[in-house]
Amino acid sequence: MDITKFVVSHRENALLYGDYSTYRAQLSRKLLNSRKKLNIATKSRGKFHPKAQITAEQISENHEYLHLALLASERTWAHAMSMKASHAADTKGMTSKTRSHIVSRLEKGARTAEKLADALSQDAVSGANPNDILEARAYAALLRGAANFEKQSWEDCIVSYAVARMIYSALSTSIKGDIYKDLLTDTIDPSIRYAAYQAKIPRTQPIPSIAKKAFAKADDDLVERVKAVNPSVLEQGDVAMTGVTGAEGAPTTITWRSREVKIEDASIAVAWASVQTAKAKLNERLSIANALAPKDKAAAYDDILAATQDAVDATKQAIDELRGEGVTQSDPRMQSLQITRTAVNFEMISWRIGRNRVLAGELDGARATFEDLSKRKKKAQEAEQASERPKEEAPGRQIAKLKEKVVLYDGTLQSLETITELPGVANDQELSTRLQATSQYFTALKSLAIARSHLLAHNDTNALALVRHALTQTESALPILSSSSEESSPARNILVSADDIQTLHSLLNGELQRARALVEISQHNKNKKPSTTTPLGTKPLIGQLANYPSSGQVNLENIVVYPPKLEAIPVKPIFLDVAWNYIDYPEKQQQQAPKVEQQQQQQQRTEEVQEEKPKKRGWFGFGR
């Protein structure tokens, strides 16, 4: 019967181009058309007859009776929302008469929906399946919760919305689609949170826990129907909480820079528990997957990045709610949330930087390897068995891959700058110093990548200056990062270990000497005057190794012909061609035997022809 889909689709289609008044007018026209289909419409100038209650037999005969009840309930809801929206801009607020009118409309819609749910509950007569009955009960609870919300009856409001939430949470696992999730996030959860706040329920209790406790007050028949669809909902309170630390076992405090603060909102506690779970899974996966390609390792960071983003969003929402309530910045709750905001944002940016480090390659991309960042071209066994030197890629492709590394380093430096703007970071001298040293570390890696691109483009002087700048940055960061006592984990994050900075420092020392040597060679070649006389002519030196130069000087600029030219060379020595005529090789006898036989046969034929040749005669065939 798709009750939820029928209601949600009508709301979305109407509110897409109009308001609640437009939606109400559309529903009135659809109600009239539905009554005409059922032949129960009041004729023009006809006597009005009170509308009879819809029964289970009528629904089993024609589903249009079901649509008739849903359209009637939706029209009362649209009427109530239209009045509420029209008085939303009033500075004096809503009058008691208007609120009473809104409540009466919602009460009427809730009664109609509840009667429909009772009719569908007679499944033996109505022919409804268990999902249809649950959807009808959830829709009736949704309208009843809206009526209690307007009456400001907060306890009853929480119970009604809890029934709708538990049913939609259970149905979301058995039916594909986001229609139930949208109802939960957009309508039900905000209403439960506001009603819980008005009912003086602490913010530390998450919405699933509140809904679970309120749903216990529902009737036993509904509890059994929900348990038949998904029993885990009754245990966890939410399908999304399955496999994650429960609401009761979620962390209540968060530690940031040796300072422990209380988590003020339950949604933050649940999100932070998910972060810890995703962190443990990431460390476990990367510790046993050493042979993964950089792209596959980076994909393993998706779960923890999503979990930290949820924690950041939950913290921001909690701060916005307190600001909306008029809580000042000096309030202890606001201070705790600001510290929590810094901690969760630091955690999210830290894992984002770790993902960039994994994509850059081994040792944060410090080594001059130009393999594809998304594929592993050769395995360890192939490297051991390879006897030839692998073919190097073209300089253009190498420069393109160095540009990819530079983009990753730029993203990392921007993330580090974002951390310095978080509340409380600027006042922490130790953290600011370490962040500056970390920024110098990645600046050195960026300069090294650009220097290698200049070497490929034969700009040796620029490469030397960049390598020298990278070494200066590394020397500045070396004392700070080397003093870190924290152990590095399999999953990389913002933490730069002492081994990382020391390896980069020794590598840059070698690169500096190499760049100096290349600059010296290029300067020597530029300053050297070309020689006008060549004692040994233009022939390359490799072809004149038997001739000693009389002057004692050798032209080192003409050692070999490069690129090599196509020249004719003897295939084999001449004496083998001469010896072929005098040496009887086995192959030669096999080749000559058929030729001798052919010559003998030809000689015999010639002799036979000569014998058979007739004698000469005179003219006209007469003998002489």
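Reading guide: rules and limits
- Sequence order sets the numbering: in each chain, residues are counted from 1 along the sequence as written.
- The predicted origin of the model limits local features to residues at a pLDDT of at least 70 and limits the giving and counting of side-chain atom pairs to 80 or more, whereas totals for whole chains, interfaces and linings rest on all residues.
- Derived side-chain values reflect all non-hydrogen atoms in the structure, with water molecules and hydrogen atoms excluded from consideration.
- UniProt positions are given in the numbering used here, feature names are shortened, and annotations may be inferred rather than shown by experiment.
- Patch building starts from residues that exceed 30% relative accessible area and form no salt bridge, then joins like charges within 9 Å and nonpolar side chains (Val, Leu, Ile, Met, Phe, Trp, Tyr) within 5 Å.
- Working definition of accessibility: Shrake-Rupley area with a 1.4 Å probe, residue cover restricted to the visible protein chains.
- Basic side-chain nitrogens of Lys or Arg form a salt bridge, by our definition, when they fall within 4 Å of a carboxyl oxygen of Asp or Glu.
- Only four residue types enter the charge count: Lys and Arg as positive, Asp and Glu as negative, with His and the chain ends excluded.
- Lysine's charge is taken at NZ, arginine's at CZ, aspartate's at CG and glutamate's at CD.
- The helix count covers DSSP runs of H or I at least four residues long, the strand count covers runs of E at least two residues long, and both are numbered beginning at the N terminus.
- Exposure classes here rest on a 1.4 Å probe applied to the protein chains alone. A residue is buried below 20% of its type maximum, exposed above 50%, and partly exposed in between.
- Axis angles are defined between N-to-C directions and span 0 to 180 degrees, where every axis is a line fitted to C-alpha atoms and, for a helix, only to the segment in contact.
- We call two directions roughly parallel when the angle between them is under 35 degrees, roughly antiparallel when it is over 145, roughly perpendicular when it lies between 65 and 115, and oblique otherwise.
- Left-handed describes a crossing whose near helix is turned anticlockwise from the far helix through less than a right angle; right-handed describes the clockwise counterpart.
- A contact between two residues is defined here by any heavy atoms of the two lying within 4.5 Å.

Labelled according to an unreviewed UniProt entry, the protein chain appears under the name Signal recognition particle subunit SRP68, originating from Sordaria macrospora. In its Sequence similarities (unreviewed entry) section, the UniProt record describing the protein chain reads: "Belongs to the SRP68 family." Recorded in UniProt for the protein chain, the comment headed Function (unreviewed entry) runs: "Component of the signal recognition particle (SRP) complex, a ribonucleoprotein complex that mediates the cotranslational targeting of secretory and membrane proteins to the endoplasmic reticulum (ER). The SRP complex interacts with the signal sequence in nascent secretory and membrane proteins and directs them to the membrane of the ER."

Undergrad: Explanation requested: a negative patch on the surface in the structure shown.
TA: On the surface, Glu12, Asp178, Asp182 and Asp186 cluster together into a negatively charged patch. For Asp182, the location among the structural elements is in helix H9 (residues 179–198). Note on Asp182: relative accessible area 38%, which makes it partly exposed.

Undergrad: In this structure, what is going on with the packing of helix H4 (residues 64–86) against helix H7 (residues 130–151)? I would like to understand it.
TA: How two helices sit against one another is set out by the angle between their axes and by the gap between those axes. At a minimum axis separation of 12 Å, H4 and H7 run at an interaxial angle of 25°. If you check the angle between H4 and H7, you find them roughly parallel. Considering the relative orientation of H4 and H7, their crossing is left-handed. Taking contact as the criterion, the partners of Leu70, Ser73, Glu74, Trp77 and Lys84 in H4 are, on H7, Tyr139, Leu143 and Glu150.

Undergrad: Would you mind showing me how to read the pattern of salt bridges here?
TA: A side chain with one charge may pair with a side chain of the opposite charge, provided their charged atoms come close. Enumeration according to the criterion identifies 20 salt bridges in this entry. Between Arg144 and Glu107 there is a salt bridge whose closest N-O contact spans 2.4 Å. Taken together, the residues Arg144 in helix H7 and Glu107 in helix H5 (residues 96–121) connect sequence positions 37 residues apart. Neither Arg144 nor Glu107 differs from the other in exposure class; each is buried. In this structure, Asp320 engages Lys316 in a salt bridge whose closest nitrogen and oxygen atoms are separated by 3.2 Å. In this pair, Asp320 and Lys316 are both assigned in helix H15 (residues 302–324), four residues apart and thus about one turn of the helix distant. Look at Asp320 and you get partly exposed, because its relative accessible area is 36%. Residue classification places Lys316 among the exposed residues on the basis of a relative accessible area of 53%. By sharing partners, the salt bridges in this structure join Glu107, Glu114, Arg144 and Lys151 into a single network.

Undergrad: Just to check I follow, could you spell out unusual backbone geometry for this structure?
TA: Trans is the common state for peptide bonds, and a negative phi is the common state for residues other than glycine. Here the amide bond leading from Tyr562 into Pro563 is cis, since omega sits at 0°, within 30 degrees of zero. Looking at where Pro563 falls in the secondary structure, it is placed in the loop between helix H21 (498–527) and helix H22 (574–579). For Gln152, which is not a glycine, the phi torsion comes out positive at approximately 60°. Structurally, Gln152 is set in the loop between H7 and helix H8 (154–174). You can call Gln152 partly exposed: its relative accessible area is 46%.

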